[in-house]
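Below are the chains, spelled out letter by letter.
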Amino acid sequence: MLKPRPTATREQIRLDGLWRFSVGDAFDTGTVLEAAVPASYNDLFTDPAIRDHVGWAWYRRTVRVPRGWAGERILVRVEAATHHGRVYAGDTLVAEHVGGYTPFDADITDLVTAGESFVLTIGVNNELTETTIPPGTITVDQAGRKRQQYQHDFYNYAGLHRSVWLHSVPQLHITDVDVLTALDGTINYSTLTSAPVNVDVRILDQDGAVVATGADGIAKIDDPILWQPGAGYLYTLEASIDGHDVYGQPFGVRTVEVRGTDFLINGEPFYFTGFGKHEDTPVRGKGHDDAYLVHDFQLLDWVGANSFRTSHYPYAEEVLDFADRHGIVVIDETAAVGLNLAIVSGLTGAPPRPTFSPETFGDDTRAAHAQAITELIARDKNHPSVVMWSLTNEPASNEDGAREYFEPLVKLARTLDPTRPLTYSAVMFATAANDRIADLFDVLSINRYYGWYVATGDLATAEQYLEGDLRGWLQRFGKPIMMSEYGADTQAGLHSVWDTPWTEEYQAAFLAMHHRVFDRIDGFVGEHVWNFADFQTSHGIHRVDGNKKGVFTRDRRPKAAAQELRRRWRSLGNRK
Ligand code: GCB
């Protein structure tokens, strides 16, 4: 799935801004509401019936097709309709897509005319069921209103979360580009086209100078400048169909490999420092925002982080493009969060039903999960910043049926991308003794909350538990291990001289305790604190206006723990 880019043969118009808006089964032509795109619609309005609406929401605007686009193919690219989108040109349904964090196109060529305008309507449905990724359950309350429940610990924001584009491609065009690099500058590439035709390939450096030409799927850059953590050098593979189409695909020359208990980037051991993040800001919800993008990366740099995980869904493409350019390392995660019926909104309990079964998460869920993996890899395969795929967060990998569920998905991911290691984040109940899937993956990513949900306020006990736990995984599986989540809820401004949960001092001491343990363990390859910033969740007695495990507040002010991390990570760099 090529990102729309302006080239000599392709044009595009961003359709962001204010759209007419309504909720309900169909667009309400009498609506007076307007909604911002991109943004979640939930927090824009004061009406709780909109914020808590379960079902369809509608966006409508008039769009003019440029005069010069006659004869071209004309498409609408929706970067994210969370979770289920329908695109109409006039009254005609043109495209439908399930999966809230990956893009899709609606080809409207036969329904519009260059130089004229048309009415574009996009329906967005936020319902999650046992066969969607992420999963959820819908109930009907006593008043007859639909209610959405889900296992994941972030608010089910919905809407057009990313840009919408009107874009043109020539009739005969390039449909896909795949780039694989080696450290000596050898580029293995492949292209797909809308009809069989010859494709010419040139490689351009960052200044636009031609540094290689392709033949038979191979090009060779002499003395390549590598894409490195902290230094994101990018080349462009320019593919062209003579007289028809040109497309430029940015890429970096770098390799990724797991060897023994090392995670290697360009053959060098790499140690991950950073966070699990969220796409979450006040008012905009999960809507992409370039100002927060720039500021968040500034804060990553300030705190000395070299990486993050796109917990718990694929992020906006702008985020990965930015990471590519600035050398930030990314673990790219699907939206498969909550495949665990022992967890309810971050709280735990005895599983009421087995997680993996035909009645709960079975073949249909797995098919949706396979689709999510396929679309993630199709979108993000050429990003040098992406060094690993995370196929799921906190599945019930300790339960019956987990292996049968995951084995085909791991196989699929390896077929789609044989070059990047695979991981998943292991939940607290999945231990080295009872986990059934870790051997299928390359890197052990462990989520643990010793000192928070377990041994609350008792860091001495927590330290013992943590070390025993991590050593157990390493001993059984002998693979690189990283901490993909560790964190403590912290109310900014709350202080104490004792180890008091929720205080800024406790969060800092909690992190310092973890770091002592990590430093004692060989084969440890990284630490991602949960979370970068406070974020919104569904209501719950364990959440105070959201999850407060951020090292930064929701408006990105540092808590005391940020200083602890800054001291450590700035001196660690990319190695331990
Ligand atoms: C987890 C989840 C994350 C939650 C976090 C918490 O294990 O992966 O989504 O937000 O715990 O704070 O409870």
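Our subject is the structure that appears above.
What comes next concerns the included structure.

The rules behind the values
- Residues numbered from 1 in each chain as written.
- Predicted model: local features only at pLDDT ≥ 70, side-chain atom pairs only at ≥ 80, totals over all residues.
- Helix = DSSP H or I, 4+ residues; strand = E, 2+ residues; numbered from the N terminus.
- Rg over C-alpha atoms; globule rule 2.2 N^0.38 Å.
- Buried ≥ 20, exposed ≤ 12 C-beta atoms within 10 Å, placed from the backbone.
- Contact = placed C-beta atoms within 7 Å.
- Arc of directions from axis to C-beta.
- Pairing = 2+ DSSP bridges.
- Axes fitted to C-alpha atoms, helices over the stretch in contact; angles between N-to-C directions.
- Core = buried A, V, L, I, M, F, W, Y, C linked by C-beta atoms within 7 Å.
- Domains from an automatic or database assignment.
- Parallel < 35°, antiparallel > 145°, perpendicular 65-115°, else oblique.
- Left-handed = near helix turned anticlockwise from the far one by under 90°.
- Nonpolar A, V, L, I, M, F, W, Y, C, P; charged D, E, K, R; others polar.
- Expected span 1.5 Å × (residues − 1).

Re the overall build of the chain
- The secondary structure content of the chain amounts to eight helices and 36 strands.
- Rg of the C-alpha trace for the chain: 24 Å, near the compact-globule value of 25 Å for 576 residues, within the 12% margin.
- In terms of overall dimensions, the chain has C-alpha extents of about 70 × 65 × 45 Å along its principal axes.
- Taken over 576 residues, the chain has a buried fraction of 48%.
- Summarising the internal contacts of the chain: among those between residues at least 6 apart in sequence, 69% fall at separations of at least 24.

Some points on helix α3 (residues 317–326)
- Considered for burial, the residues of α3 that qualify are E317, V319, L320, A323 and D324. Mapping the buried residues of α3 onto a view down its axis gives an arc of 155°, with all of them on the same face.
- Those residues of α3 hidden inside the fold are in contact with β21 (231–232), β23 (245–251), α2 (290–303), β29 (329–333), α4 (363–380) and β32 (386–393).
- Just past α3, the residue G327 takes up positive phi, approximately 75°.

Structural notes on the sheet that holds strand β19 (residues 218–220)
- On the basis of which strands lie adjacent, the open sheet formed by three strands has the order β15-β16-β19 and antiparallel pairing. Only two strands of the sheet have a single partner each, and these edge strands are β15 (174–181) and β19. Sheet twist, expressed as the average angle between the axes of neighbouring strands with direction ignored, equals 25°.
- In this structure, strand β16 (residues 186–193) lies alongside β19, joined through three bridges in antiparallel fashion. Looking at β19, one finds that N188 is bridged to I218.

Section: the sheet that holds strand β9 (residues 104–107)
- Across the sheet, which stays open at both edges, the four strands sit in the order β1-β14-β5-β9 with antiparallel pairing between neighbours. The strands lining the two open edges of the sheet, one partner per strand, are β1 (11–14) and β9. Across the sheet, the mean angle from the axis of one strand to that of its neighbour is 25°, orientation sign disregarded.
- With six bridges connecting them, strand β5 (residues 73–78) and strand β14 (residues 164–169) associate as antiparallel partners.

A short note on the nonpolar core
- Of all hydrophobic cores here, the largest spans 126 residues; its most connected members are V76 and V330.
- Among the elements that make up this core, the one with the highest residue count is helix α7 (residues 504–520) (six residues).
- Residues lining this core come from more than one domain, with at least three contributed by each of domain 1 (11–169) and domain 3 (258–572).
- If near-sequence neighbours (up to four positions away) are discounted, V76 is found in contact with V87, D105, A106, I108, L120, V164 and L166.

Structural notes on the packing of α4 against helix α5 (residues 402–416)
- At a minimum axis separation of 10 Å, α4 and α5 run at an interaxial angle of 20°. By the angle between their axes, α4 is roughly parallel relative to α5. Here α4 and α5 pass one another in a crossing that is right-handed. Counting all contacts with α4, which are made through R366, H369, A370, I373, T374 and I377, the residues of α5 involved are Y405, L409, L412, A413 and L416.

Here's the deal with the packing of helix α6 (residues 459–477) against α7
- As a packed pair, α6 and α7 sit with axes 10 Å apart at the nearest point and diverge in direction by 35°. Here α6 and α7 pass one another in a crossing that is right-handed. Side by side, α6 and α7 meet where L459, A462, E463, L466, E467 and L470 of the first sit next to A509, F510, M513, H514, V517 and R520 of the second.
- Of the residues belonging to the contact of α6 with α7, the class tally is eight nonpolar, one polar and three charged.

As for α6
- For α6, with 19 residues, the first-to-last C-alpha span of 27 Å sits near the 27 Å given by 1.5 Å per residue.
- Those residues of α6 lying buried are L459, A462, L466, L470 and W473. What you see down the axis of α6 is that its buried residues fit within an arc of 55°, all on one side. Summarising the geometry of α6, the exposed residues directed more than 90 degrees from the buried face are A460, G468 and Q475.
- Structurally, α6 contributes buried residues whose contacts are with β34 (443–447), β35 (481–485) and α7.

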